Amino acid sequence: MRPDLSEQLAGIRKVLADVVAPELHDPYPADVLAGVLAALDLLADSWAEVPRFLCWDSAATGDVLRLAGQSVPPMPDDLLDLAALQAHHREVRGLLEAAMPTILEHEVAHAAVVQLFRDRSERYPLAARPQGGFAAHAAR
């Protein structure tokens, strides 16, 4: 189906960059728009990786939970059902949060959760990319 999601996001970004940006003369709204444009670039480039990340993170989090003796709900039957995948991911991450005291007392699980957090930060597909430019003034 055309335009696909990436193309739609890129089109929105192009309209903002070509039509709105030239009309902004104050540095603050121009900087805010630059942040929006960067976010649209990131979403257009990376949205398709989110389901793969959710599957990986749910499985890896489940591994840590099992090391600490916790039970883990099964993955959704339909991994193409993004809402079910997101709900499962939220549930598993909530279980991880609740189990942290136990995990931190268990040497192997503790080491595994530290590695999970490192791996997670490397794999997260929607990590912001520094763009440079003006810094938005917090007082405005």
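Let me sum up the structure you'll find in this document. (Residues numbered from 1 in each chain as written. Predicted model: local features only at pLDDT ≥ 70, side-chain atom pairs only at ≥ 80, totals over all residues. Heavy atoms only, no water.)

**Here we look at the packing of aromatic side chains**
Think of a pair of aromatic rings as described by two things: how far the centres are apart, and how the planes are tilted against each other in angle. Keep this limit in mind: For Phe, Tyr and Trp, where Trp contributes only its six-membered ring, two rings pair if their centres lie within 6.5 Å, and the inter-plane angle classes them as stacked under 30 degrees, edge-to-face over 60, or tilted in between. Helix and strand definitions follow DSSP, with helices as H or I runs of at least four residues and strands as E runs of at least two, each counted in order from the N terminus. Here the term buried applies to any residue with accessible area under 20% of the maximum for its type, exposed to any over 50%, and partly exposed to those in between, with areas from a 1.4 Å probe on protein chains only.
Considering all chains together, one arrives at 2 aromatic pairs under this definition. When the centroid spacing of 5.9 Å and the interplanar angle of 40 degrees are considered together, the rings of phenylalanine 53 and tryptophan 56 count as tilted. One end of the pair is phenylalanine 53 and the other is tryptophan 56, both in helix H3 (residues 50-67) and 3 residues apart, which spans about a single turn. Look at phenylalanine 53 and tyrosine 124: their rings are 5.4 Å apart centre to centre, the planes differ by 80 degrees, and that puts the pair in the edge-to-face class. Note that phenylalanine 53 is positioned in helix H3 and tyrosine 124 in the segment after helix H5 (107-123), a separation of 71 residues in sequence. On the basis of relative accessible area, phenylalanine 53 is assigned to the buried category, the value being 6%. Taken together, the ring pairs connect Phe53, Trp56 and Tyr124 into an aromatic cluster.

**With respect to the nonpolar core**
Rule in force here: Each nonpolar core is a collection of buried residues, namely Ala, Val, Leu, Ile, Met, Phe, Trp, Tyr and Cys, held together in the definition by side-chain atoms within 4.5 Å. Contacts were defined at the residue level, with two residues in contact if any of their heavy atoms lie within 4.5 Å.
Core analysis: the biggest nonpolar cluster contains 17 residues, and Val64, Leu65, Leu96, Ile103, Val113 and Leu116 have the highest contact counts within it. Counting only elements with at least two residues in this core, the list comes to H3, helix H4 (82-105) and H5. No other element matches H3, which puts 7 residues into this core. If near-sequence neighbours (up to four positions away) are discounted, leucine 65 is found in contact with Gln70, Val72, Val92, Leu95, Leu96, Ala99 and Ile103.

Honestly, it's all geometry; don't read function into it.
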